[in-house]
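Structural description and commentary
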Amino acid sequence: MSGTSMDGIDASLVDFSEKKPNLVTSYYEPFPESIVSKIRKLSNPANLISLEQLGQLDNQLGHLYAQAVSSLLKKTSFTTQDILAIGCHGQTIHHAPALNHPFSLQIGDPNLIAEKTGITTITDFRRRDIALGGQGAPLVPAFHKEFFSEPSENRIILNIGGIANITLLPKTQNEKVSGFDTGPGNTLMDYWIQTCLNNPFDEDGNWADSGICQDDLLETMLNDPYFLTPPPKSTGKEYFSSEWLTNKIAGKQYLPEDIQATLCHLTVRSISEAIQKSPITPDRLLVCGGGIHNQLLIKLLSNELPCPVNSTQCFGLDPAQVEAVAFAWLARQTFKGLPGNITDVTGASRPVILGGIYPGKDDSFLNKLKKNLD
Ligand SMILES: Nc1ncnc2c1ncn2[C@@H]1O[C@H](COP(=O)(O)OP(=O)(O)O)[C@@H](O)[C@H]1O
Ligand SMILES: [Mg+2]
């Protein structure tokens, strides 16, 4: 998994032999600075980029994903023969499900991953859902349901990556599971501190904590149509971009740290208001994604919400690995011939098997699959 924060690759080895998926081990490989700047350039709609640049980055990322899998396996006693498949989300370059001709583009050549590792690789999870009129996102709710559902309480799972998304898990089995992107998670805070202080992110939210939230600016931001649109909905960095922020602050004078404080409040308020408008009253919020380390953000969120706020770690899964494990699970759904989307989340016209399969070196992989999954 590598997300919109463009920080690096989270690789996780997951054992599905028991009822509950078990995270065996994980490995994190930060992206080299040269790769980060290329992804940033390609994913900024204001930039004109060449097909050659796109193709080359697709190739480079394919190598990096394959390398991350090899490094992960080196931490264990397993070999490639022990691994049934790789689920690879790819790096999102552009997510535009609302266009006349909707699309979502993830890159990182799966042919290379399958060839370099020898392991069958599944990618391109989003586009089948889009082909059925869906958003293609978020896709993690089906896994959240599988892993975190609890008959004794209404739960909401919150992932704070570059973008934030929630999954609503009602305690009653016959109530619908839903979910959507609430808006920016870390992306605008990351952008602002990178621009002003040249830091990759606001460690523990300390810089935001040194500023004062500007209520007029916060209200202007919260009036953005994205927050007012009912679900299904999904978004990305191409919408909550540097231009978005520039437009909101245009013509006003604010201290840089006050803007950072306001952006932190924006993430919190957009999440808490989405939860308040949702059809369930949560008994508990479980948080995952890198934003969990932003102490100010978590403190503000806890103050806004009427229920306990916990890390997913308290319920058996490292918050840094939830998305990576989710894509391993989604790959397994594909192999089992089962849908990975939830239509109440994405808006697709039916549940569907997601992704494309790129066979590994062992060309009897279908037989191997059948044996493993019978
Ligand atoms: N100690 C920390 N303090 C504040 N924010 C942090 C900290 N560690 C990570 N983050 C945030 O988490 C982000 C990475 O989160 P991640 O879940 O990997 O997002 P994505 O899925 O978009 O890649 C970083 O860009 C940063 O904003
Ligand atoms: Mg990340």
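Residues numbered from 1 in each chain as written. Chains lettered and ligands numbered in written order. Predicted model: local features only at pLDDT ≥ 70, side-chain atom pairs only at ≥ 80, totals over all residues.

**Focus: the overall build of the protein**
Of regular secondary structure, the protein possesses 15 helices and 12 strands. A globule of 374 residues ought to have a C-alpha radius of gyration of about 21 Å, and the protein, at 20 Å, matches this closely. Dimensions of the protein, computed from C-alpha atoms along their principal axes, come out at roughly 65 × 50 × 40 Å. Relative to its full complement of 374 residues, the protein shows a buried share of 48%. Counting contacts in the protein only where the partners sit at least 6 residues apart, residues at least 24 apart contribute 71% of the total. (Helix = DSSP H or I, 4+ residues; strand = E, 2+ residues; numbered from the N terminus. Rg over C-alpha atoms; globule rule 2.2 N^0.38 Å. Buried ≥ 20, exposed ≤ 12 C-beta atoms within 10 Å, placed from the backbone. Contact = placed C-beta atoms within 7 Å.)

**Here's the deal with the domain arrangement of the protein**
In terms of domain boundaries, the protein breaks down into domain 1 (8-135 + 352-373) and domain 2 (141-315). For domain 1 and domain 2, the distance between their C-alpha centroids amounts to 26 Å. Across the boundary between the two partners, domain 1 contributes 11 residues, which contact 8 residues of domain 2. The element that contributes the greatest number of residues to the side of domain 1 that touches domain 2 is strand β4 (residues 91-96), accounting for 4 residues. Partitioned by chemical class, the residues of the side of domain 1 that touches domain 2 number 5 nonpolar, 5 polar and 1 charged. (Domains from an automatic or database assignment. Nonpolar A, V, L, I, M, F, W, Y, C, P; charged D, E, K, R; others polar.)

**Remarks on the packing of helix α2 (residues 51-74) against helix α3 (residues 110-117)**
Remark: α2 packs on α3, axes separated minimally by 8 Å, with the N-to-C direction vectors making an angle of 35 degrees. Note that α2 runs across α3; the crossing there is right-handed. Counted together, N59, G62, H63, Y65, A66, V69 and S70 of α2 and L112, I113, K116 and T117 of α3 form the full contact between these two elements. When the residues that make up the contact of α2 with α3 are grouped by side-chain class, the tally is 5 nonpolar, 5 polar and 1 charged. (Axes fitted to C-alpha atoms, helices over the stretch in contact; angles between N-to-C directions. Left-handed = near helix turned anticlockwise from the far one by under 90°.)

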